[in-house]
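Each chain, letter by letter, is given below.
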Amino acid sequence: MIAADRSAAQALDEADPLGAFLERFEPIESGLIYLDGNSLGRLPADTPQRINAVVGHEWGERLIRGWDEGWMALPTTIGDRLATGLLGANPGEVALADSTSVNFFKLAAAALHARPDRREIITDHENFPTDRYVLEGLIERTGHELVWTRPADAAAAVNEDTALVTFSHVDYRTAELYDMAGITHAAHEAGALTLWDLSHSAGAVPVELERAGADLAVGCTYKYLNGGPGSPAFLYVRAEHQAQLRQPIWGWLGRHDPFAMAPGYIPGDGILQTISGTPPVLGLTAAACGIELSIEAGIETIRDKSTQLTEYAIELADALLADHGVSVGSPRDRTRRGGHVSLTHPDARTLTRRLAQRDVIADFREPDVIRLGLSPLTTRFGEVYEALTRLAQLLATPGA
Ligand SMILES: *Cc1c(COP(=O)(O)O)cnc(C)c1O
């Protein structure tokens, strides 16, 4: 148990092996406590210079030649860095393209196509909205059936009619970290494929796609990976599936030999077939800066600090907030928790707004959740202490 006072936070900050990484980010206004890096990560200090160089030199001077001088390869060169550095995957299995929503559609459709005689998709009614909506839109076209199941019950629900099992790896509200290897194993026993949404895990928890046997995955680069607003998402297709799986958006740049401009679509080699259109070069440039910072810090070191941060936030919540009706909505078992902490209170919406008025930016999530995003590269223990102390003061002075 860590003491719920300022000196404990100071000691934790002094011992923090990632403390120096704060200087690798642009400063934010003094006094602001930013606990929302799991929605939009902070701006790396390298990013403006890199973007300026790409705009000024590569675009401004090299013009169309830029495509042959590296732009066209960005989705896969950055994908390889992400695969091996943070996702436990192999080179050639990850590409950056489009948004998470679009990639989710592409890979979910590919999975259904690969299991043509099966009718069911298993997912969670607590899953992130875009995943649920994309699946609902997809089955309107295909006639599949959605089976709503909590991840813990997936093994019991999967059967010989299941085509696809798809969950988030870390729950966007509660931060619960689900058993990717166990659920994937159960899906495979029944002959189904798995699609994991890693939006709240990439850059926060070690992901072991290869070891878990995962078939498919997608995720954001603008959350813990600090890639910038709307930065391109990533997608993963396990190497052994790449020759058979077919995603439905047959764009020219996913075609074999695109500049032949030939009649008829022939899928590109390996992961290249998942790319539909022209790579978003500026967004990819920013995404690469953020991804490289997390790789440099090391995902195990990131996870250690992340666990300490969430542990500390929970201890403070118990000490300072429990008497005011705030409960901890995240798992107390650190091995089953991702990188954020959810606090629940009936007035969560108002409290989150009042916190913002006191320079603490957190997230409100329906119906009663205050979500504290604790980014290991930028969040200090002292900020967690300050934020929860201010929340305790708010609760002690209703309406103030
Ligand atoms: C943030 C998030 C998304 C966002 O998808 P976009 O297409 O980038 O808007 C998708 N899935 C999960 C689980 C998320 O947390």
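Values in this document were obtained by computation on a predicted structure and should not be read as measured data.

(A) Quick look at the confidence of the model for the protein. Mean pLDDT for the protein: 97, with 99% of residues reaching 70 or above. Averaged pLDDT values over the elements of the protein bottom out at 94 in helix H1 (residues 6-14) and peak at 99 in strand E7 (residues 216-219).

(B) Structural context of the pairing of strand E5 (residues 162-168). With respect to burial, E5 is a largely interior element, seven of its seven residues being buried. Examined bridge by bridge, E5 and strand E6 (residues 193-197) share five bridges and lie parallel to one another. In the sheet register, Leu164 faces E6, and the bridge partner there is Leu193. Crossover handedness for the path E5 to helix H7 (residues 180-189) to E6: right-handed.

(C) Fine view of the packing of aromatic side chains. Counted under the stated rule, the structure contains six aromatic pairs. Plain terms: the ring middles of Trp67 and Trp71 are 5.1 Å apart, the flat faces sit at 85° to each other, and that makes the pair edge-to-face. Seen in terms of ring centroids, Tyr312 and Phe381 are 5.9 Å apart; in terms of plane orientation they differ by 65°. Their pairing is edge-to-face. Taken together, the positions of Tyr312 in helix H10 (residues 299-321) and Phe381 in helix H12 (residues 381-396) put the pair 69 residues apart, joining distant regions of the chain. Exposure remark for Tyr312: the relative accessible area of 1% places this residue in the buried category. By relative accessible area, Phe381 is classed as buried at 1%. Sitting over the ring of Phe128, Lys223 keeps its end group 5.2 Å from the ring centre.

(D) Quick look at the sheet that holds strand E9 (residues 327-328). The sheet built from four strands is open, its strands ordered E9-E10-E13-E12 with antiparallel pairing. The open sheet is flanked by E9 and strand E12 (363-365), the only strands paired with a single partner. With two bridges connecting them, E9 and strand E10 (residues 340-344) associate as antiparallel partners. Bridging across to E10, Ser327 finds its partner in Thr344. On top of the sheet, H10 reaches E9 and E10; it is set at about 20° to E10, its chief contact.

(E) Quick look at the site of the ligand. By nearness alone, 13 residues border the ligand, and Ser101, Asp197, His200, Tyr222 and Lys223 come closest of all. In the model, an oxygen atom of the ligand is placed 3.4 Å from a nitrogen or oxygen of the Thr100 main chain. Between the ligand and the protein, one listed contact pairs a nitrogen atom with a side-chain N or O atom of Asp131 at 3.4 Å. When isolated, the ligand has an accessible area of 390 Å², and the protein chains bury 85% of it. For the shell around the ligand, the secondary structure elements donating two or more residues are helix H4 (100-114) and helix H5 (129-142). Of the residues contributing to the shell around the ligand, the split by class is three nonpolar, seven polar and three charged.

(F) Just the sheet that holds E7, in detail. A sheet is described by the order of its strands in space; here seven strands give the open sequence E2-E8-E7-E6-E5-E3-E4, paired in mixed fashion. Looking at the sheet topology across the chains shown, the edges are occupied by strand E2 (94-96) and strand E4 (145-148). This sheet shows a mean twist of 20° between the axes of neighbouring strands, independent of strand direction. As judged from the three bridges shared by E6 and E7, these two strands associate in the parallel manner. Across the sheet, Trp196 pairs through a bridge with Ala217, a residue of E7. Where helix H3 (residues 74-86) meets the sheet, it contacts E2 and strand E8 (234-237), and its direction lies at approximately 130° from that of E2.

(G) Quick peek at the pattern of salt bridges. Enumeration over the complete set of coordinates arrives at 19 salt bridges. For Glu176, the salt bridge goes to Arg336, with nearest N and O atoms at 2.8 Å. Residue Glu176 is located in the loop between E5 and H7, and its partner Arg336 is located in the loop between E9 and E10; the two are separated by 160 residues in the primary sequence. The partly exposed category is assigned to Arg336, whose relative accessible area is 37%. Here Glu366 makes a salt bridge to Arg349, at a shortest N to O gap of 2.7 Å. Of this pair, Glu366 sits in the loop between E12 and strand E13 (369-373) while Arg349 sits in helix H11 (residues 348-357), and the two are 17 residues apart along the sequence. With relative accessibility at 45%, the residue Glu366 sits in the partly exposed group. Of the residues examined, Arg349 reaches a relative accessible area of 48% and is grouped as partly exposed. One salt-bridge network, in which partners are shared between bridges, spans Arg6, Glu386 and Arg390.

Quick notes on the rules
Residues numbered from 1 in each chain as written. Predicted model: local features only at pLDDT ≥ 70, side-chain atom pairs only at ≥ 80, totals over all residues. Heavy atoms only, no water. pLDDT = per-residue confidence, 0-100. Helix = DSSP H or I, 4+ residues; strand = E, 2+ residues; numbered from the N terminus. Buried < 20%, exposed > 50% of the residue type's maximum accessible area, 1.4 Å probe, protein only. Pairing = 2+ DSSP bridges. Right-handed = clockwise from strand over helix to strand, strands pointing away. Phe/Tyr/Trp six-rings, centres within 6.5 Å; stacked < 30°, edge-to-face > 60°. Lys NZ or Arg CZ within 6 Å of the ring centre and 35° of its normal. Contact = heavy atoms within 4.5 Å. Axes fitted to C-alpha atoms, helices over the stretch in contact; angles between N-to-C directions. Near = heavy atom within 4 Å. Polar contact = N/O pair within 3.5 Å; in protein donor to acceptor, adjacent residues only side chain to side chain. Areas by Shrake-Rupley, 256 points an atom, 1.4 Å probe, with all protein chains shown as cover. Nonpolar A, V, L, I, M, F, W, Y, C, P; charged D, E, K, R; others polar. Salt bridge = Lys/Arg side-chain N within 4 Å of Asp/Glu carboxyl O.

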